[in-house]
Each structure stands twice: as structure tokens, then as C-alpha cells.
Amino acid sequence: MRPADYRSVADAIAADIAAGRLRPGARLPPQRDFAYARGIAVSTASRVYAELARRGLVTGEVGRGTYVRSDPGQAGLLRPEPPAAALDLQRTHSRLPEQEAVLAETLAALVRDDGQIGFSQYGPAGTPRAQAVAAGFLARGGYAPNPADILFTGNGRQALAAALAALAAPGERIGCEPLTYPGVKGIAARLGITLIPLTMDSEGVCPDALLQAHRTTPLSGVYLQPTLHNPLGATMGPARRAALAEVLDRTGLTAVEDAVYSFLAEAPPLAGLVPDRVIFVDSLSKRVMSALTVGLIAAPPSLADRLAASVRQGAWTALGLSLAAGMHWMAGGSAAALAAAKRRDAAARQALARAALADLRVVGDPQAYHLWLELPETWRAEAYAAAALRQGIALLPASSFAVHPGHAPNAVRLALASPSREELDRALRSLRRLAFAGDDQVVE
């Protein structure tokens with residue numbers, strides 16, 4: 001077989017996946033067996049499997065084999081929305097009853113105060129008043145950003161994209177946790193940035209790992225989730241934050257601190273320790289609502305102009321209506337009130353989840369809206385996610401979060417925020433039964 005023909009073999013497997021002949025969670029044969037069955041060289045089989053992984057159709061688990069992905073997409077970048085009929089345990093957007101009243105009150109207030117709305121499109125800095133409101137809102141734990149260094153985007157993901165684009169050119173490297181927010185994986189891929197996984201423990205990235213990675217081949221920056229890491233729920237203690245701040249200061253590296261979940265837990269920002277070395281990113285989508293939101297960037301003074309240019313060039317500037325709504329929420333107390341309500345809701349859902357998943361190993365913070373479920377050896381993560389979906393429950397396997405999917409642990413993330421508590425309890429108890437049933441006992 002000519003070397004180029006590996007693509008035609010990959011096309012045939014892709015067609016089987018598309019037609020449902022190979023179902024999500026199905027295990028492919030070992031490469032040697034695949035090569036023998038197809039009459040091709042083992043090296044060609046390796047290229048076929050690599051091509052399928054590149055297309056996002058399969059994921060390899062070290063020591064366990066290669067599986068058809070439960071969320072097929074281009075290297076996981078095209079992660080689909082949960083099916084309309086499925087109970088959504090993929091997304092962490094909560095929806096409390098009081099949000100409807102907040103939205104109605106906000107829109108009415110903006111109509112009354114039309115002189116302050118500013119429906120026209122602003123630049124990345126919004127207005128001085130908006131910057132002052134946002135700076136006061138973000139201040140916490142000794143951290144007080146300068147209003148002049150506040151920038152606004154359409155949402156938190158756009159703020160992260162602007163930050164990564166400002167730090168790294170295509171082909172350059174950004175360090176991050178080995179399991180990370182899937183949106184950042186997609187952003188980095190589209191920007192041509194290589195993510196470098198850094199060793200982490202129960203508190204997050206290890207400072208020595210960051211220092212060693214930078215010394216081996218210089219990094220252009222590092223992306224971190226110091227508070228309620230997604231998906232593991234880890235939060236760095238004061239000593240870990242201080243040690244990472246010292247590494248940033250010593251190396252001159254800049255960190256992007258993703259604080260989107262920080263409203264659920266009290267922890268001082270890393271940016272408060274080294275404000276000149278941290279781009280602080282937050283948004284209102286999780287703490288208020290995703291339908292009308294704004295992303296927030298507190299920039300180090302030396303990077304403010306570069307970040308503003310990045311926001312502008314990416315067309316990530318916040319809309320005037322969203323910015324006005326965000327100002328209303330931040331200044332009027334609605335954002336703080338909803339955040340407090342969501343902290344109570346998240347804690348209640350965590351308690352519910354841990355009771356429903358009794359006898360299974362779960363990892364996470366009791367304040368978070370997500371939970372990490374480590375599966376029994378009778379399951380592989382992709383197969384479990386696929387089986388759950390067939391029962392009407394959408395969740396994400398570890399490969400969705402792994403920077404190197406071949407090193408994804410045998411686990412799934414459960415987002416607890418979206419369903420009603422009654423629906424959540426039923427779904428989690430179904431997942432517990434499924435986990436104990438085992439892959440070979442599930443009846444289609």
C-alpha cells in the first residue's frame with residue numbers, strides 16, 4: 001500500500017462512524033490486529049489511528065485502547081451542543097427563578113434611563129464610567145485593578161481569546177493544566193498556539209513544573225484556573241499562589257487568570273500578588289446569565305494597549321446593550337445578589353450529587369457547579385458517556401478536557417447547574433446504576 005493510502009483507510013472508518021456502524025464508545029482493535037485485518041503495515045495502521053484522532057473521531061487512552069469519541073468533532077473543537085431531548089449535564093450555566101425578574105427589571109431600567117444606555121458600539125475600553133464600575137466590582141481580597149486598565153468583550157470566552165492572542169503568536173507555546181477548559185483548547189487551536197500541559201496536584205499547577213517547562217523551551221505565557229478549576233474543582237491555597245507568583249515574577253512570564261467560577265468561592269486572586277504579571281479574566285455569564293452577558297479583562301498596565309488591540313482585531317468588543325446591562329447589574333447589586341443565590345444553589349446541588357453517587361469516587365469542591373466522576377474499571381469514559389447519552393443524559397468524558405487526549409483519565413465531568421434539582425437527582429441515580437452495571441451488562 002502506498003503511504004498516502006492511509007487516508008483512504010481513515011476515510012472508510014470515518015464513514016462507518018458517520019453511518020453508525022461504529023457507535024460512540026466503541027473500541028477499535030489494537031493497531032497490530034487492525035493492520036492484519038486490513039492487510040496493511042503496522043506503521044500505516046498507526047497513521048490511520050493518528051488521522052482519526054486528528055479529525056476528532058477517536059481518542060486513545062494509554063493502556064486501554066482507542067475509542068470512538070462520544071462527542072465527535074475536529075479534535076474536540078466542534079464539541080456539539082447536547083441533544084435537545086437530553087438532560088444537560090454538559091454545561092455549567094445555572095438558571096434560577098430570580099433571573100427572570102432581574103432581566104425584566106434590567107431592561108425596564110435601561111429603557112427609562114436611555115441617556116445612559118449607549119446602544120452604539122464602544123471600543124474595548126467601553127466608557128470611563130463602565131471601567132470604574134467594573135474595577136470596583138472586580139476588587140477583592142486586596143486586589144484593586146486600575147479602572148483605566150479594564151477592557152470589555154462580548155463574553156468570557158472572547159476575553160480569553162483576546163488574552164491568548166495578545167500573549168502568543170501562531171506557533172508559540174502557552175502552559176496550562178493538563179486537564180483544562182475545552183474552550184481554551186479550541187481557542188488555542190484556532191490561533192495556532194500550542195498548549196503545554198504542566199504537572200498539577202490537588203491544588204493546581206505545580207510551580208516547579210511551570211519553571212521547568214519554561215526553561216526547557218520558553219513559554220509565551222501560562223493559562224491558569226486558580227479557583228474552582230474546571231473540571232477538577234481544585235482551588236489553590238495561599239502558599240501555592242505565592243509560589244506561582246514568585247515564578248511569574250522571576251521568569252517575567254504573564255499568566256491569564258481565568259476567574260469565571262471564582263464567584264462561587266472566596267479566594268484572593270493571583271492577580272493581587274503580581275498585578276503586573278497577570279491578565280485577570282472574568283465574565284457575567286455564569287454569575288448572572290448567559291443570554292445577556294459581558295466579558296471583563298483587567299490588564300497589566302504594560303499590556304493594556306496590546307490587549308485592547310487584540311480585542312479590536314478579533315471583533316470581540318462588547319455590544320452597547322450588554323455593556324449597559326452589565327453596568328446595571330454590577331453597580332446596582334443584582335450581580336452580587338444572584339452570585340449569593342447561586343452559591344447556595346451550588347452547595348445544595350453538590351450535596352445532592354454526593355448522596356446520589358454514593359459508593360462512587362467523586363472529586364471536586366463542594367462549592368462548585370461541576371463534579372468529576374472517576375469510573376470503575378468496568379467502564380471506559382467514552383463508552384460510559386455514550387451509554388449515558390442513550391439513556392438521555394449528556395455529559396463530557398475526560399478526553400474533552402485533556403490537552404493530550406491519549407493521557408485522559410478514566411473519568412467524566414458532571415455539570416450540575418442546568419436541570420431542576422429533581423431532574424438532577426433522577427439523572428445522577430441513573431448514572432450511578434449505569435456505573436455499577438458495567439459496559440458488558442448494558443442492554444441496548
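Everything here concerns the structure above.
Every value quoted in this text rests on a predicted model; they were computed, and no experiment measured them.

Scanning the protein chain from N- to C-terminus turns up 15 helices and 18 strands. A globule of 444 residues ought to have a C-alpha radius of gyration of about 22 Å, and the protein chain, at 23 Å, matches this closely. C-alpha atoms of the protein chain, sized along the principal axes, occupy 70 × 50 × 45 Å. The buried share among the 444 residues of the protein chain stands at 55%. Across the protein chain, contacts joining residues at least 24 apart in sequence account for 70% of those joining residues at least 6 apart.

Right, let's talk about the pairing of strand 7 (residues 194-197) for a bit. Note: strand 6 (residues 173-176) against strand 7, 4 bridges, orientation parallel. By the bridge assignment, Ile174 is partnered in strand 7 with Leu195. For the handedness criterion, the β-α-β arrangement of strand 6, helix 8 (residues 182-191) and strand 7 is classed as right-handed.

By the criterion of burial, strand 18 (residues 411-415) is predominantly enclosed, with 5 of the 5 residues buried. Of the two faces of strand 18, the one holding Ala411, Arg413 and Ala415 and the one holding Val412 and Leu414 are both buried throughout. Bridge count between strand 15 (residues 370-374) and strand 18: 5 bridges; the pairing is antiparallel. Within the sheet, the bridge partner assigned to Trp372 lies in strand 18 and is Arg413. In this sheet, strand 18 lies alongside strand 17 (residues 396-397) in antiparallel orientation, the contact comprising 2 bridges. When the bridges of strand 18 are listed, Pro397 appears paired with Val412.

In terms of nonpolar packing, the biggest core is built from 51 residues, with Phe152, Leu198, Leu210, Leu248 and Trp329 touching the most fellow members. Residue contacts for Leu198: discarding those within four places in its chain leaves Gly175, Cys176, Glu177, Pro178, Val205, Ala209, Leu210, Ala213 and Val222.

In a disulfide, the sulfur atoms of two cysteines are covalently bonded to one another. This structure, assessed with the given rule, holds 0 disulfides. In this structure Cys176 is a free cysteine whose sulfur lies 14 Å from that of Cys206, the closest cysteine sulfur available. A residue is classified by how much of its surface remains accessible, and Cys176, at 0% relative accessible area, is buried. We classify Cys206 as buried; its relative accessible area is 18%.

So, about the side chain of Thr180. Its location among the elements puts Thr180 in the loop between strand 6 and helix 8. Aside from chain neighbours lying at most four places away, what touches Thr180 is Lys185, Tyr223, Gln225, His229, Asn230, Pro231, Phe401 and Val403.

For the rest of this paragraph, the subject is the pattern of salt bridges. Counting across every chain of the model gives 13 salt bridges. One salt bridge in this structure joins Arg95 and Glu100, with 2.7 Å as the shortest N-O distance. Note that Arg250 is salt-bridged to Glu246, the shortest N-O span being 2.8 Å. Here Glu246 and Arg250 lie together in helix 10 (residues 238-251), a separation of 4 residues that amounts to about one turn. The class for Arg250 is partly exposed, based on a relative accessible area of 48%. If you follow the salt bridges from partner to partner, you end up with Arg140, Asp282 and Arg287 in one network.

Consider a sheet: its strands pair through backbone hydrogen bonds, and that pairing is either parallel or antiparallel. On the basis of which strands lie adjacent, the open sheet formed by 7 strands has the order 5-13-12-11-10-6-7 and mixed pairing. Of all strands in the sheet, those with a lone pairing partner are strand 5 (150-153) and strand 7, marking the two edges. Sheet twist, expressed as the mean angle between neighbouring strand axes with direction ignored, is 25°. Relative to strand 12 (residues 278-283), strand 11 (residues 255-258) runs parallel, the two being bridged by 4 bridges. What sits directly across from Val256, in strand 12, is Ile279.

Tracing the chain through its elements places Leu198 in the loop between strand 7 and strand 8 (200-201). Looking at Leu198, the relative accessible area reads 2%, which means it is buried. Separated by 12 residues in the primary sequence, Leu198 and Leu210 place their C-alpha atoms 6.3 Å from one another.

Close contact between helix 9 (residues 207-216) and helix 10 brings their axes to 9 Å; oriented N to C, the two are set at 20°. Relative to helix 10, the element helix 9 is oriented roughly parallel. The way helix 9 lies across helix 10 gives a crossing that is right-handed. Residues Pro207, Leu210, Leu211, His214 and Arg215 of helix 9 form the contact with helix 10, whose own contacting residues are Arg240, Ala243, Leu244, Val247, Leu248, Arg250 and Thr251.

Rules used in this analysis
- Residues numbered from 1 in each chain as written.
- Predicted model: local features only at pLDDT ≥ 70, side-chain atom pairs only at ≥ 80, totals over all residues.
- Heavy atoms only, no water.
- Helix = DSSP H or I, 4+ residues; strand = E, 2+ residues; numbered from the N terminus.
- Rg over C-alpha atoms; globule rule 2.2 N^0.38 Å.
- Buried < 20%, exposed > 50% of the residue type's maximum accessible area, 1.4 Å probe, protein only.
- Contact = heavy atoms within 4.5 Å.
- Pairing = 2+ DSSP bridges.
- Right-handed = clockwise from strand over helix to strand, strands pointing away.
- Core = buried A, V, L, I, M, F, W, Y, C linked by side-chain atoms within 4.5 Å.
- Disulfide = S-S within 2.5 Å.
- Salt bridge = Lys/Arg side-chain N within 4 Å of Asp/Glu carboxyl O.
- Axes fitted to C-alpha atoms, helices over the stretch in contact; angles between N-to-C directions.
- Parallel < 35°, antiparallel > 145°, perpendicular 65-115°, else oblique.
- Left-handed = near helix turned anticlockwise from the far one by under 90°.

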